[in-house]
Amino acid sequence: ADLGFAQAQYNLGDMYEKGKGVTQSYTKARELYELAADQSCPNALCNLGTLYVNGFGVQQDFTKARELFNKAVAEGNKDAVGYLQWVDDEERRLAALDTNAIVCSLCGLPETETRNFSKTKCPCKSTWYCNTTCQKKHWKEHRTECKRLIAELKRTRKLEAAEEEIIKHVTDVNADSLP
């Protein structure tokens with residue numbers, strides 16, 4: 001590991017993570033996984049991602065974990081695909097607990113730092129999508145409701161404009177009648 005051999009760095013990191021033959025240390029495991037990951041070791045990328053998912057030896061960060069798992073998949077680690085699915089499921093679970101979370105109306109994934117829904121917000125303002133694929137798949141089901149909501153929004157805006165006009169008129173009349 002000291003000579004820079006990625007597989008040895010990964011193996012030693014795994015030993016530190018699990019406390020096998022050494023004193024367990026997530027911090028030391030992270031350091032060794034990072035050295036091996038810098039050399040594109042797929043297993044190190046995957047294990048480093050699990051540290052970030054769980055917040056072991058690092059601050060919990062799903063975005064960083066997803067990035068590491070994607071790199072691991074690209075390098076051939078098949079286990080990382082399952083971890084990516086787990087991160088998606090965990091983000092959905094956490095979003096369900098957060099009443100302020102914005103979630104995709106089709107797949108349920110929440111908006112995150114790297115998943116911005118601003119370009120895929122429906123004109124009716126009631127539906128959000130994580131990408132155009134979800135938007136297209138959901139459109140057939142949502143189309144009728146969307147048209148109804150847009151018509152309702154237009155009616156509400158007209159009523160609000162009329163109320164403002166009445167308030168302005170009453171205020172003007174009252175102001176004119178003052179001595």
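Residues numbered from 1 in each chain as written. Predicted model: local features only at pLDDT ≥ 70, side-chain atom pairs only at ≥ 80, totals over all residues. Heavy atoms only, no water.

S.K.: It is not clear to me how a negative patch on the surface should be interpreted in this structure. Could you clarify?
M.R.: Judged by side-chain charge, Glu160, Glu163, Glu164 and Glu165 come together as a negatively charged surface patch. According to the relative accessible area criterion, glutamate 165 is exposed, its value standing at 52%. (Patch = residues over 30% accessible without salt bridge, like charges linked within 9 Å, V, L, I, M, F, W, Y side chains within 5 Å. Areas by Shrake-Rupley, 256 points an atom, 1.4 Å probe, with all protein chains shown as cover. Salt bridge = Lys/Arg side-chain N within 4 Å of Asp/Glu carboxyl O. Lys, Arg positive; Asp, Glu negative; His and termini not counted. Charge placed at Lys NZ, Arg CZ, Asp CG, Glu CD. Buried < 20%, exposed > 50% of the residue type's maximum accessible area, 1.4 Å probe, protein only.)

S.K.: Can you help me understand the packing of aromatic side chains in this one?
M.R.: Think of a pair of aromatic rings as described by two things: how far the centres are apart, and how the planes are tilted against each other in angle. One pass over the structure, following the stated rule, counts four aromatic pairs. An angle of 15 degrees between the planes, with centres 4.6 Å apart, marks the rings of tyrosine 26 and phenylalanine 56 as stacked. In this pair, tyrosine 26 is assigned in helix H2 (residues 26-37) and phenylalanine 56 in the loop between helix H3 (42-54) and helix H4 (62-74), connecting sequence segments 30 residues apart. The class for phenylalanine 56 is partly exposed, based on a relative accessible area of 33%. (Phe/Tyr/Trp six-rings, centres within 6.5 Å; stacked < 30°, edge-to-face > 60°. Helix = DSSP H or I, 4+ residues; strand = E, 2+ residues; numbered from the N terminus.)

S.K.: Is there a simple way to explain helix H1 (residues 6-18) in this structure?
M.R.: Given a rise of 1.5 Å per residue, 13 residues ought to cover 18 Å, and the 18 Å separating the end C-alpha atoms of H1 matches this to within 8%. Along H1, the residues that are buried comprise Ala6, Gln9, Tyr10, Gly13, Asp14, Tyr16 and Glu17. Angular distribution of buried residues about the axis of H1 spans 165 degrees; they occupy a single face of the element. Close packing links the buried residues of H1 with H2 and H3. Of the residues trailing H1, glycine 19 is marked for its positive phi of about 70 degrees. (Expected span 1.5 Å × (residues − 1). Arc of directions from axis to C-beta. Contact = heavy atoms within 4.5 Å.)

S.K.: Is there a simple way to explain the side chain of glutamate 17 in this structure?
M.R.: Looking at where glutamate 17 falls in the secondary structure, it is placed in helix H1. The buried charged residue glutamate 17 lacks any salt bridge, with lysine 18 as its nearest oppositely charged partner at 6.0 Å. A distance of 2.5 Å separates the side chain of glutamate 17 from the side chain of tyrosine 33, its partner in a polar contact. (Polar contact = N/O pair within 3.5 Å; in protein donor to acceptor, adjacent residues only side chain to side chain.)

S.K.: Please clarify how the side chain of glutamine 9 should be interpreted in this entry.
M.R.: On the secondary structure map, glutamine 9 appears in helix H1. Taking the relative accessible area as the measure of exposure, glutamine 9 reaches 4% and is therefore buried. In this structure, glutamine 9 is in contact with Ala1, Gly4, Leu32, Leu35, Ala36 and Gln39, ignoring residues within four places of it in sequence.

S.K.: Can you walk me through the nonpolar core in this structure?
M.R.: Here is a general trend for soluble globular proteins: nonpolar side chains tend to be buried in one another's company. In terms of nonpolar packing, the biggest core is built from 25 residues, with Tyr33, Ala44, Leu48 and Phe69 touching the most fellow members. Counting residues per element, the ones that place at least two in this core are H1, H2, H3, H4 and helix H5 (79-97). If you tally residues by element for this core, the top one is H3, at seven residues. Every residue in contact with alanine 44, bar those within four places of it in the chain, is listed here: Tyr10, Tyr33, Ala36 and Ala37. Residues Cys104, Phe117, Cys122 and Cys124 belong to the second largest nonpolar core, which totals 10 residues. (Core = buried A, V, L, I, M, F, W, Y, C linked by side-chain atoms within 4.5 Å.)

Scope: geometric values only; no functional claims are made or implied.
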